[in-house]
Amino acid sequence: MKKTHLSNNFYKVFILTIILGSILCLAGCSDNKTDTTPNPTPDLEEITIHYQADDGAFRKNTYSTEPKEEKEQAIEKGKNIISFYCGGYETRFLNYLVEDFNRENNLFHLEMTQFPYDTEFKNVQERLRIDVSTGKGPDVMSLDIFPVSEKIIADGYLLDMAPLMAKSNITDDKYFPAYKALTKDNQVYGLCPSMEVVRMSIDKNVLPNKEIPDLESLVDILLKYSSSTIFLNDYQEGIYIMDYFLCGSQDLWGMIDWENKTCDFSTELFSKILDVSKKFADNRNKGYAPIMRMEHCYIGLYPGEKVLEKEGRVMLDFYFDDGNYPKYNPSVETLVINSGTSNLEGAWAFVSYVMSKTGQSYCAVPTHKELFIEQNKELLKDLDAGIANTMVEYTEEVMQDSIQVYEAGKYCPTNTGEILNIIYEESGAYFSGDKGKDEVIHIIQNRVQLLLDEY
């Protein structure tokens, strides 16, 4: 099969999505809550449902050349204006989807405001958080402009969409698990239209028997392994290496006791995680080969597990409390609804439109299973006809492999976000050599315990 490079626009979006996903994984949102009461829950029984999960069908050519509807035109037509805030880059699929929603819907016009990713972006996020905490702010937001922590959910600033999802027949059997991006118990606060799944593979020389060890055994193996290696790449500082070992556990492998609100970072495992992270961080920029490799499971880029095994890779994936799984990266396109919205019907009309088959046609990797399969079968036809190209050979077998990966993926827990931020902030002094390990562990212990005391 002929292999060509994908478009420049694809790679701009691809790289930006990876960067933003990494930032969202590591960055916590400031949670100095304004002294307000939670936003009132709108009356969901009064809401008319405009879109169902299976509305529409796969559309191969989604981008219309018709002029977009301006806000002034919508007002003249008597439409209700729904506000939507997101970060800005021109090629995001939501731009086109908003335009089509505004053309198609006779009742609502979604007015999208995009904020550039510049030096003011964090200030915009903080101002927006304050607005939402006081019952103001836009009706709908994307996760890049409004990063969500456990505390933001607990404070009631976001709408639980589960009741509306049931009315729109947006159910688990129709979607990959990634579609529910922000959850607590049976409540759903964020819906993800287009997903990103990553796997982690390791050089077979590290695990010659191909058996996946438990986390502490892996750390022991890596501590003893050749010093002439790096972890993932030369750009990966110690805190990012450390994140691989910690990000998937709800209690950081027993270091956090949530019930009693206590912590213990004097464990042997935590000490070894610091050491192995420093080992590989110190080896950067010496020309050493990496032992780990991140496998981005984009269609046309992911070759399938058989090919990776032939390349000498063992699929290690990510460590969660109940086993090893591919990891869903938080999508910057994840949509949340402000619980203080006065336009709930219109806000849900847009979100449910995005999650319908029509809206999912815009997505690079849709979370709607049936739409995903239709989209990829169409790609296979185009490949056979010679009118499409991919970076790797894409076949029915690779498609089925990809489906299994997307089904198996998991989001990292969000309850440890603030604690991980403390760990990474303080561990930097150990990696740089400014402080000893015992001193850093002591500082982490004290800071995390103070945080737990406030819960």
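An account of the accompanying structure is given in this report. (Residues numbered from 1 in each chain as written. Predicted model: local features only at pLDDT ≥ 70, side-chain atom pairs only at ≥ 80, totals over all residues. Heavy atoms only, no water.)

### Looking at the overall build of the protein
If you tally the helices and strands in the protein, you get 16 helices and 17 strands. Every one of the 455 residues in the protein was classed for burial, and the buried ones make up 52%. In the protein, the share of contacts with a sequence separation of at least 24, taken over all contacts with a separation of at least 6, comes to 80%. For the protein, the exposed area adds up to about 20500 Å²; of that, 48% sits on carbon and sulfur atoms. (Helix = DSSP H or I, 4+ residues; strand = E, 2+ residues; numbered from the N terminus. Buried < 20%, exposed > 50% of the residue type's maximum accessible area, 1.4 Å probe, protein only. Contact = heavy atoms within 4.5 Å. Areas by Shrake-Rupley, 256 points an atom, 1.4 Å probe, with all protein chains shown as cover.)

### As for the state of the cysteines
Working definition of a disulfide: a covalent bond connecting the sulfur atoms of two cysteines. Considering all chains together, one arrives at zero disulfides under this definition. Not engaged in a disulfide, the cysteine C412 finds its nearest cysteine sulfur in C247; these two sulfurs lie 3.5 Å apart. (Disulfide = S-S within 2.5 Å.)

### Observations concerning the pattern of salt bridges
Tallied over the entire structure, the rule returns 26 salt bridges. Between E425 and R447 there is a salt bridge, with its nearest N and O atoms 3.3 Å apart. Placement of the pair is E425 in helix α15 (residues 417-432) and R447 in helix α16 (residues 437-454), with a sequence separation of 22 residues. Residues R447 and E426 are paired through a salt bridge, measuring 2.7 Å at the closest nitrogen-oxygen approach. Pair noted here: R447 is in helix α16 and E426 is in helix α15, with a separation of 21 residues, a long-range link. Classification of E426 by relative accessible area gives buried; the value is 12%. Residues joined by salt bridges that share partners form a network here, namely R59, E99, D100 and R103. (Salt bridge = Lys/Arg side-chain N within 4 Å of Asp/Glu carboxyl O.)

### Remarks on the packing of helix α8 (residues 238-246) against α15
The N-to-C vectors of α8 and α15 enclose an angle of 135°; their axes lie 9 Å apart at closest approach. In terms of their interaxial angle, α8 and α15 are classed as oblique. The interaxial crossing formed by α8 with α15 has right-handed handedness. Where α8 approaches α15, its residues G238, I239, M242, D243 and L246 are matched on the opposing element by L420, I423, Y424, S427, G428 and F431. Tallied by class, the residues present in the contact of α8 with α15 amount to seven nonpolar, three polar and one charged. (Axes fitted to C-alpha atoms, helices over the stretch in contact; angles between N-to-C directions. Parallel < 35°, antiparallel > 145°, perpendicular 65-115°, else oblique. Left-handed = near helix turned anticlockwise from the far one by under 90°. Nonpolar A, V, L, I, M, F, W, Y, C, P; charged D, E, K, R; others polar.)

### Here's the deal with helix α3 (residues 93-104)
Compared with an ideal rise of 1.5 Å per residue, which puts twelve residues at 16 Å, α3 spans 17 Å between its outermost C-alpha atoms and is within 8% of the ideal. Of the positions making up α3, those classed as buried are F93, L94, N95, L97, V98, D100, F101 and N102. Elements in contact with the buried residues of α3: β1 (80-88), β2 (108-116), β16 (335-337), α11 (344-355) and α12 (357-360). (Expected span 1.5 Å × (residues − 1).)

### So, the nonpolar core
A general tendency of soluble globular proteins is for nonpolar side chains to be buried together. Ranked by size, the top nonpolar core spans 52 residues in total, and within it L222, Y244, F245, L246, F265, F270 and I423 carry the most contacts. When residues of this core are assigned to their parent elements, the largest contribution, eight residues, is made by α15. For Y244, the contacting residues outside a window of four places in its chain are M200, L218, F231, M292, L316, D317, F318 and Y319. In terms of nonpolar packing, the next biggest core, distinct from the first, is built from 38 residues, F93, Y179, A349 and V354 among them. (Core = buried A, V, L, I, M, F, W, Y, C linked by side-chain atoms within 4.5 Å.)

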